Amino acid sequence: MKAFRQIGALIRKDLGLQFRSKETLVLIFVFSVLVVLIFAFAFGPIFPEKVERGKLTASVLWAAFVFAGIISLNRSFTLERSHGAIDGIRLTGVDASNLYLSKVVSNLVFLFLLEIVITPIALQFLDLLDVVTMGILLKLFGVLSVGTLGFCAVGVLLAGMSTSANGGESLLSVILLPLVIPIIMGGAKCTVSLLVTGGLEGGFWLRLLAAYSLIFLAAAYLLADAVIEE
Amino acid sequence: MPLNLPTFPSSKTIDRRKDGRWKNFHFSSQHGIIDIMRLRASQLTKDFGHRTIVKDATLSVQPGEVVTIFGPNGAGKTTLIKILATLLKPTSGKLEIEGADAIADYSDVRRMLGVVIHENLAYPAFSPYENLKFFGQMYGIKQLEHRATTLLTEVGLQRFLHEPLRIFSRGMTQRFMIAKALLHAPSVLLLDEPFSGLDAAARQFVRDRIARERQKGTGIVITTHNTELGYLAGTRFLFMIDGELEEIAQKNEIKAETLLRMYEKRLTHNAPKGL
C-alpha cells in the first residue's frame, strides 16, 4: 500500500509539473510535427504505392517518437536534479525502484499522449489516413505503447545516470540509442506490417518487442537502486 | 495554531567520559529507559578522486543537543552534512541514526531526518503548499492539508501558500525549507548554513525554531561560518578545518569571545602560506 501510495504521488507530481509548464509538451509536439512535415514534403508525392507509404510512415513515426522520447526523458530528470528535488524525494525514504517505476509510467503516459496526437497527423500527411481503419489504428496504438514502454524502461534508467554527469543530455542519446535498437526494429517492423497488411504477420516482431520491453523493465527495476543512489 | 507534533522524551546524560565526549547512551527520565544517541558518526572519510574532503570525522548528537560545527568555506561542512543526511556515501566510516546503521539501511533512516542544505530540495514550479502536500504524501502523513497549512503559517509564509517557490527570496525559501524539514517531525535536524543570506528577523526566526525543536528532544547539527549566531544557537561546538573535525567545548564551558578567538587562531594557523 505504501509503495502504491508513493508511486501514485510521484506520477501525479510528474504529470502535474509537465502539464503546468507545458515546456516539454510544446517542445516534443513541435519537434514531432516538424519531423512529420519534413518527411512528408520531402518524400510524399513520389510513393504512389501503399506499401512504400506504409514503410515511410513507420520510419517517420518511430524517428519522431524516439527523439521526442529522448527530449522528454532528459527534461524529466533535469527537473528533478536542478534544485535537488530528487534528494528531497530520496530523503522521504522511498525505494529507488518505486521512483524508477513512477518515472517509467509518467514518461509512458506523456509519450503515449504525444503518439495519439501525432500518429493521425502523420497518416494524414503521408496519405494513409483513408486506408487505415479504426481497428488498425487501435492495434497501432497497442504496438506503439509496448514499444514506448520498452523505450522508457531503458531510457529512465540511463537518464537517471546521465543527467547527473556533465553533458548528460547529449550523453543520453549516445548510450540510449544502441540499447533501444531492438525496440526500434521490432516497433518499426510491426508498424509497417500493420499499415501495409492490417495484421502482424506471425507476430514475431511483436513478441520480440514485448519480451525485450519486459526484460528491460524487470532488469532496470532491480538496478534502479544502484543507479539512483550512486 | 500550534502543531501537535510528536515529542521526544526529556533526557539527561548519566555519564561523561574524561576526554569530554559524551557516552553513547543517556537516561530518559520520562520513560526510565536507556535511549540511543540521535546520531553517531565514527571516523567518516570522504574522498573525491585523490582529494580527501572529510577526514575521520567522529561526531555524536544526543536528544535535545544542538551541535554547531564552525568552519570556513571549503572546509568540508556541506559534504559532511550530506553524508550525515545519507545523500552521499562515505568512503569509509560508520554512521548510526537512532541506533540504526544509516549506511546500510538508509531507506528507513532517512524518514528520521530533517535536512536544510543550499539546494531547496523541492520543485520551484510548485507552491510551498503543493510541495509540502507532495512530500507529505510521500511520508504518509495524516491530516496533511492541516499540517502543511499550519507549518507554513508558523514559518510566516501564510500569504504565499499558493505562490510558486521560484519567485521566493532567499529568506522566504529558507523559511520554506525549515517547514519542509519539520513536516514529518524528524528526530534529527541537519542544517547546513541555516543563517546564510538571511536578514535579522529571519535569523531570529531560525534561532527560535532551533530552540523550540531542541526542547522537543530533537538532535540538531548546524554548520556555519558565523561564530556569533552559531554560538547563540548551539549547545556544543566543533571546528571543521581542512576536512578535520575538532571537538571544542560545551556552551557552559566557553564564552562566545573565547570561541571566536580560538576559531580565528585556527583559521590563521591553517591559512595557505603566502596569503
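Throughout this document, residue positions are counted from 1 along each chain, in the order its sequence is written. Written order decides the labels, with chains lettered from A and ligands numbered from 1. Per-residue local features of the predicted model are confined to residues with pLDDT of at least 70, and side-chain atom pairs are confined, for both listing and counting, to 80 or more; whole-chain, interface and lining totals are unaffected and use all residues. The side-chain quantities take in all heavy atoms of the structure and omit both hydrogens and water.

*Asks:* Honestly, the overall build of chain A in this entry has me stumped. Any pointers?
*Replies:* Numbering goes from the N terminus for both helices and strands, where a helix is a DSSP run of H or I of at least four residues and a strand is a run of E of at least two. For chain A, the count of helices and strands is 9 helices and 0 strands. Reading chain A from its N end, one meets helices and strands in the order α-α-α-α-α-α-α-α-α. Computation of the radius of gyration draws on C-alpha atoms alone. For the globule rule, the value is 2.2 Å times the number of residues to the power 0.38. Taking 230 residues into account, the globule formula puts the C-alpha radius of gyration at 17 Å, and chain A, at 18 Å, falls close to it. The buried label goes to any residue with under 20% of its type's maximum accessible area, the exposed label to any with over 50%, and the partly exposed label to all in between, with areas taken from a 1.4 Å probe on protein chains only. When the 230 residues of chain A are sorted by exposure, 50% land in the buried category. Contact between two residues is taken to exist if any of their heavy atoms lie within 4.5 Å; hydrogens are not considered. When contacts within chain A are restricted to residue pairs at least 6 apart in sequence, those whose partners lie at least 24 apart make up 83%. All accessible-area figures derive from a Shrake-Rupley calculation using a 1.4 Å probe, and residue coverage is judged against the displayed protein chains alone. Working note: accessible area of chain A is about 9,800 Å², and carbon and sulfur atoms make up 72% of it. Of note, chain A has its 16 positive side-chain charges centred 5 Å away from the centre of its 15 negative side-chain charges. This count recognises Lys and Arg as positive and Asp and Glu as negative, with His and chain-terminal groups excluded. A single reference atom marks each charge: NZ on Lys, CZ on Arg, CG on Asp, CD on Glu.

*Asks:* So what exactly am I meant to see when it comes to the side chain of Thr227 of chain B here?
*Replies:* Residue and element names in this part refer to chain B. Looking at where Thr227 falls in the secondary structure, it is placed in helix H7 (residues 227-233). When its relative accessible area of 14% is taken as the criterion, Thr227 is described as buried. Once you skip the residues sitting within four places of it in the chain, Thr227 turns out to touch Phe70, Leu260 and Tyr263.

*Asks:* Help me out: how do you make sense of the interface of chain B and chain A in this one?
*Replies:* Where interface size is given, it is often the accessible area lost as the parts come together that is meant. With 25 residues of chain B at the interface, the matching set in chain A holds 26 residues. Carbon and sulfur atoms make up 57% of the area that chain B and chain A hide from each other, which totals about 2,400 Å². As a working definition, buried area equals the accessible area (1.4 Å probe) given up by two parts on being put together, with both sides summed. Considering only the surface of chain B that becomes buried against chain A, Arg110, Tyr123 and Met138 of chain B emerge as the three largest contributors, covering 28% of it. The term salt bridge refers to a side-chain nitrogen of Lys or Arg lying within 4 Å of a carboxyl oxygen of Asp or Glu. For the interface between chain B and chain A, the tally reads 1 salt bridge. Notably, a salt bridge pairs Glu130 of chain B with Arg20 of chain A, separated by 2.6 Å at the nearest N-O pair. Pairing of N or O atoms within 3.5 Å defines a polar contact, subject to two protein rules: one partner must be a possible hydrogen donor and the other a possible acceptor, and residues neighboring in sequence count only if both atoms are side-chain atoms. Summed over the shared surface of chain B and chain A, the result is 14 residue pairs in polar contact (both at pLDDT 80 or more). Put simply, the parts of the chain that give the side of chain B that touches chain A at least two residues each are helix H2 (106-109) and helix H3 (128-139) of chain B. A per-element tally of the side of chain B that touches chain A places H3 of chain B first, with 6 residues.

*Asks:* Looking at this model, I keep getting lost on the nonpolar core. Mind explaining?
*Replies:* Note on soluble globular proteins: their nonpolar side chains tend to be buried together. Working definition of a nonpolar core: buried Ala, Val, Leu, Ile, Met, Phe, Trp, Tyr and Cys residues. They are joined through side-chain atoms within 4.5 Å. Grouped together as the largest cluster of nonpolar side chains are 137 residues, with contacts concentrated most on Leu39, Leu84 and Leu190 of chain B. For this core, the leading source of residues is helix H6 (residues 134-162) of chain A, giving 14 residues. When near neighbours in sequence (up to four residues on either side) are disregarded, Leu84 of chain B contacts Leu39, Ala41, Leu44, Leu59, Leu95, Ile97, Leu113, Leu190 and Val221 of chain B. Core analysis: the second largest hydrophobic core is formed by 9 residues, Phe70, Phe237, Ile248 and Leu259 of chain B among them.

*Asks:* What's the story with the packing of aromatic side chains in this structure? I'm lost.
*Replies:* To describe a pair of aromatic rings, you give the distance between the ring centres and the angle between the ring planes. Residue and element names in this part refer to chain A. To pair, rings of Phe, Tyr and Trp, with the six-membered ring standing in for Trp, must have centres within 6.5 Å; the planes then decide the type, stacked if under 30 degrees apart, edge-to-face if over 60, and tilted in the middle. In total, this model carries 15 aromatic pairs over all chains according to the counting rule given. Here the aromatic rings of Tyr212 and Phe216 are separated by 4.8 Å at their centres, their planes lie at 40 degrees, and the arrangement is tilted. With a gap of 4 residues between them, Tyr212 and Phe216 both fall in helix H9 (residues 204-229), about one helical turn apart. Judged by its relative accessible area of 17%, Tyr212 falls in the buried class.

*Asks:* What's the story with the pattern of salt bridges in this structure? I'm lost.
*Replies:* Charged atoms that come close allow side chains of opposite charge to pair. Scanning the model with the defined rule gives 19 salt bridges over all chains in all. We note a salt bridge from Glu23 of chain A to Arg75 of chain A, for which the minimum N-O separation is 2.9 Å. Residue Glu23 of chain A is found in helix H2 (residues 23-43), and its partner Arg75 of chain A is found in helix H3 (residues 50-81); the two are separated by 52 residues along the sequence. The salt bridge partner of Arg212 of chain B is Glu154 of chain B, with a shortest N-O separation of 3.4 Å. Taken together, the positions of Arg212 of chain B in helix H6 (residues 200-215) and Glu154 of chain B in helix H4 (residues 144-154) put the pair 58 residues apart, joining distant regions of the chain. For Arg212 of chain B, a relative accessible area of 32% translates into the label partly exposed.

*Asks:* So what exactly am I meant to see when it comes to a negative patch on the surface here?
*Replies:* The patches described consist of residues with a relative accessible area above 30% and no salt bridge, like charges being joined within 9 Å and nonpolar side chains (Val, Leu, Ile, Met, Phe, Trp, Tyr) within 5 Å. On the surface, Asp95 and Asp225 of chain A together with Asp101, Asp105 and Asp108 of chain B cluster together to form a negatively charged patch. Position of Asp101 of chain B among the secondary structure elements: in strand E8 (residues 100-101). Assessed through its relative accessible area of 37%, Asp101 of chain B is described here as partly exposed.

Treat this as a map of the structure, not an account of what it does.
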